[in-house]
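# Notes for the structure review
Read off the chains here:
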Amino acid sequence: MHKRTTLRGLAAATLTLGFGLAGQTASAADTGPIKIGLVLPMTGQQASTGRQIDAAVKLYMAQNNPVIAGRKVEVIVKDDASTPDQTRRLAQELVVNDKVVALAGFGITPSAMATAPIATQSKTPMVVMAAATSSITEASPYILRTSFTLPQAAVGIAEWAAKNGIKKVVTLVADYGPGNDAEKYFADRFLLNSGQVLEKLRTPLRSPDFAPVLQKVRDAKPDALFVFLPSGQGAQFMKQFAERGLDKAGIRLIGTGDITDDDQLNDMGDVALGVVTAHHYAASHKSAVNQKFVEAFKKANNGMRPNFMAVGGYDGMRVIYNALNTTKGAGGEALLAAMVAHPVLVNRPIVATPRGVRLCRPSERTLDLLDKWPPGPFAKESGELIIDASGQRVA
């Protein structure tokens, strides 16, 4: 689905003229650097996201030749502090003034959505390395994503909860796009499995105080509290969860992997023990590829452990580099076409088993790689049945 934004007045005309140059392909005369614009929250509440992605981008560039078609690759990092108006202004400057061939980064959904019209007008590929609302890629035909979506994680933990004796839950999410996704998809799947959602609580994205909502959770006496919070808020939440005594009140804590962020896990203390989360990445994953990545990341960053944001940044640079090698440094439509020609790089998650590797889209394709199927009935996020009650595959 393509969305269009109408700009008005003289400023819009000037902006469009500037964008007209940005989508051009490279010519034989191009000898200057190939520029990539990286817009990240390097300060503010989501600073850990910016720090992780920036470090991963630097690592990828250090491991790969920073010269393509005889031209140096230059990454221009801009700090938007997760302020959408700031994101839009910086993205506009990168396209019009710096002539970047691609935009990348985007720590939160509002920042990514604010940039989408600029990507569309200028025909500049936009690689989302962090923001996780499912609808982001519908905001512009020039958006690709190398991170994840919240429904992927929320549905997984809902399935686990239903199979592990949890009957009643309260949900607690940050009140913005990804939180809405997490709340909806967790609740829908949990209810489908005969669970009960006692209450749905939300906290503001910026400067949340968890104490009042945690008291409501304690009063509701659920079996478990399901939580989604953006990267960077997990340690603060864990501290208040323990201060309110919920960890001693028999209320299990479950959620998406954002709340046990690898970057902050060491700061959470013993309250994190026993927390169960579902996510697409963990630094502790034992695959050879991941262990090599974690070791290189730590070595390059004074022992800092990579989190899922770092993986989105690293994979995003791989997408951009591979595509630029294909186009010999050209941007615009040619660069976008080169990116989507290799979808394994821009769609996650990927299932790897001894039987092979396969993309989880559509999700039923992975059944061929599993030694044991999940018990039925088992449905997709959309509600479409994949395995019926008798355990037979129907899709």
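Residues numbered from 1 in each chain as written. Predicted model: local features only at pLDDT ≥ 70, side-chain atom pairs only at ≥ 80, totals over all residues. Heavy atoms only, no water.

Tracing the chain through its elements places P125 in the loop between α4 (109-122) and β5 (126-128). On the basis of relative accessibility, which here comes to 0%, the residue P125 falls in the buried class. Separated by 209 residues in sequence, P125 and A334 place their C-alpha atoms 9.7 Å apart. Sequence-distant contacts of P125, defined by excluding residues within four places in its chain, comprise V101, A102, L103, Y142, G332, L335, L336 and M339. (Helix = DSSP H or I, 4+ residues; strand = E, 2+ residues; numbered from the N terminus. Buried < 20%, exposed > 50% of the residue type's maximum accessible area, 1.4 Å probe, protein only. Contact = heavy atoms within 4.5 Å.)

Further remarks concern the sheet that holds strand β8 (residues 196-203). Taken in spatial order, the 5 strands line up as β8-β7-β9-β10-β11 in an open sheet, and their pairing is parallel. If you trace the sheet from one side to the other, it starts and ends with β8 and β11 (276-278), each paired once. Within this sheet the neighbouring strands show an average axis-to-axis angle of 20 degrees, counted without direction. Relative to β8, strand β7 (residues 168-174) is paired through 7 bridges, and the arrangement is parallel. In the strand pairing of β8, V173 is matched with R202. The sheet strands contacting helix α5 (residues 150-163) are β9 (224-228), β10 (252-256) and β11, and the helix crosses β10 at an angle near 150 degrees. (Pairing = 2+ DSSP bridges. Axes fitted to C-alpha atoms, helices over the stretch in contact; angles between N-to-C directions.)

This part is about unusual backbone geometry. Cis geometry marks the peptide bond from G376 to P377, where omega comes out at 0 degrees. With respect to the helices, strands and loops of the structure, P377 is situated in the loop between β13 (356-359) and β14 (378-379). Although it is not a glycine, K221 sits at a positive phi angle of roughly 55 degrees. If you trace the backbone, K221 turns up in the loop between α7 (211-220) and β9. The phi torsion at K328 lies on the positive side, around 60 degrees, for a residue other than glycine. With respect to the element layout, K328 can be found in the loop between α10 (308-327) and α11 (332-340).

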